[in-house]
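Coordinates in review
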Amino acid sequence: MTELTDKQAQLCEENPTDFSDLRAFFISCTLKRSPEVSNTEGLGDISMEIMRRNGVTVDLIRAVDRDIATGVWPDMTEHGWDKDDWPEIFEQVMAADILVLLSPIWLGEKSSVCTRVIERLYGNSGQLNEAGQYAYYGRVGGCLITGNEDGVKHCAMNVLYSLQHLGYSIPPQADAGWIGEAGPGPSYLDEPGGGRDNDFTNRNTTFMTCNLMHLARLLKDNGGITAHGNQRAGWDAGCRYDFENPEHR
């Protein structure tokens, strides 16, 4: 069991909301293959433990361990690749109410693995749900970032923009991160000097995790995003909702 701070544990114990029917999917976008230790996953462990203690079912994969083909189609084996694990991963994406992307910072940007995951999410974004909306409507997204130089907010800005553009709902303060001082130095899990005892990071990770659960609860209880003015079939048929359109009566 991942160790939480006393305050984090207290908040979990005092939680008045039932989250037990929610599922969260964490995709680690570290460049390190298993079983090498990932500092980014170390931060993710805190968020996942908070969710588990609140009854959420949590799944984690390390994307670099999987054969995720490059491209923006749902199944790249239909476009020349010999193998593609993405269709199986996408089933986990769609089974989850909450998606959290974990990425280290390299050269001031999210990792290349994270970029590939977002590209593959994009490849499925044209699919529709039962209400005729894009596939990710009604789901909640967030991100966690680690590194040893500045760039947490820059990377989070890119990841969260991408997720909302694809249809995910983003709650307040849906990102958190940790960075050490510029240049070589301790990483998140390193002792001493790492980030596990950083109050700012612990606070923001807690806020992010709770807000993801709260918004997922609200969406699930209310049937997702209201299906009006955002349905692809209606637009394709000529409906322009609140816009004047003399060609469609």
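Preceding block: the structure.
The structure presented is a predicted model; accordingly, all values stated were derived computationally and were not measured.

A closer look at the environment of Met94
- If you trace the backbone, Met94 turns up in helix H3 (residues 86-95).
- For Met94 and Arg53, which are 41 residues apart along the polypeptide, the C-alpha to C-alpha distance reads 23 Å.
- Not counting the four nearest positions on each side in its chain, Met94 is found in contact with Ala135, Tyr136 and Arg139.

Regarding the packing of helix H2 (residues 39-53) against helix H6 (residues 199-221)
- In the contact formed by H2 and H6, the axes pass within 10 Å of each other and the chain directions differ by 45°. Classified by the angle their axes make, H2 and H6 are oblique. Along this stretch, H2 crosses H6, giving a crossing that reads as right-handed. Residues Leu43, Ile46, Ser47, Ile50 and Met51 of H2 pack against Thr201, Thr205, Thr206, Met208, Thr209, Leu212 and Met213 of H6.
- Partitioning the contact of H2 with H6 into residue classes produces seven nonpolar, five polar and no charged.

Looking at helix H1 (residues 6-13)
- Of the residues making up H1, those classed as buried are Gln8, Ala9 and Cys12. Projection of H1 onto a plane perpendicular to its axis shows the buried side chains occupying an angular sector of 95°, all on one side. Set apart from the buried face of H1 by more than 90 degrees, the exposed residues are Asp6, Lys7 and Glu13.
- The inward-facing, buried residues of H1 contact H2 and H6.

Observations concerning a nonpolar patch on the surface
- Residues Leu31, Trp106 and Leu107 make up a contiguous nonpolar surface patch of roughly 400 Å² in combined accessible area.
- Among the structural elements, Leu31 can be located in the loop between strand S1 (23-28) and H2.
- Classification of Leu31 by relative accessible area gives partly exposed; the value is 41%.

Definitions and cut-offs
Residues numbered from 1 in each chain as written. Predicted model: local features only at pLDDT ≥ 70, side-chain atom pairs only at ≥ 80, totals over all residues. Heavy atoms only, no water. Helix = DSSP H or I, 4+ residues; strand = E, 2+ residues; numbered from the N terminus. Contact = heavy atoms within 4.5 Å. Axes fitted to C-alpha atoms, helices over the stretch in contact; angles between N-to-C directions. Parallel < 35°, antiparallel > 145°, perpendicular 65-115°, else oblique. Left-handed = near helix turned anticlockwise from the far one by under 90°. Nonpolar A, V, L, I, M, F, W, Y, C, P; charged D, E, K, R; others polar. Buried < 20%, exposed > 50% of the residue type's maximum accessible area, 1.4 Å probe, protein only. Arc of directions from axis to C-beta. Patch = residues over 30% accessible without salt bridge, like charges linked within 9 Å, V, L, I, M, F, W, Y side chains within 5 Å. Areas by Shrake-Rupley, 256 points an atom, 1.4 Å probe, with all protein chains shown as cover. Salt bridge = Lys/Arg side-chain N within 4 Å of Asp/Glu carboxyl O.

No statement about biological role is implied by the geometric values presented.
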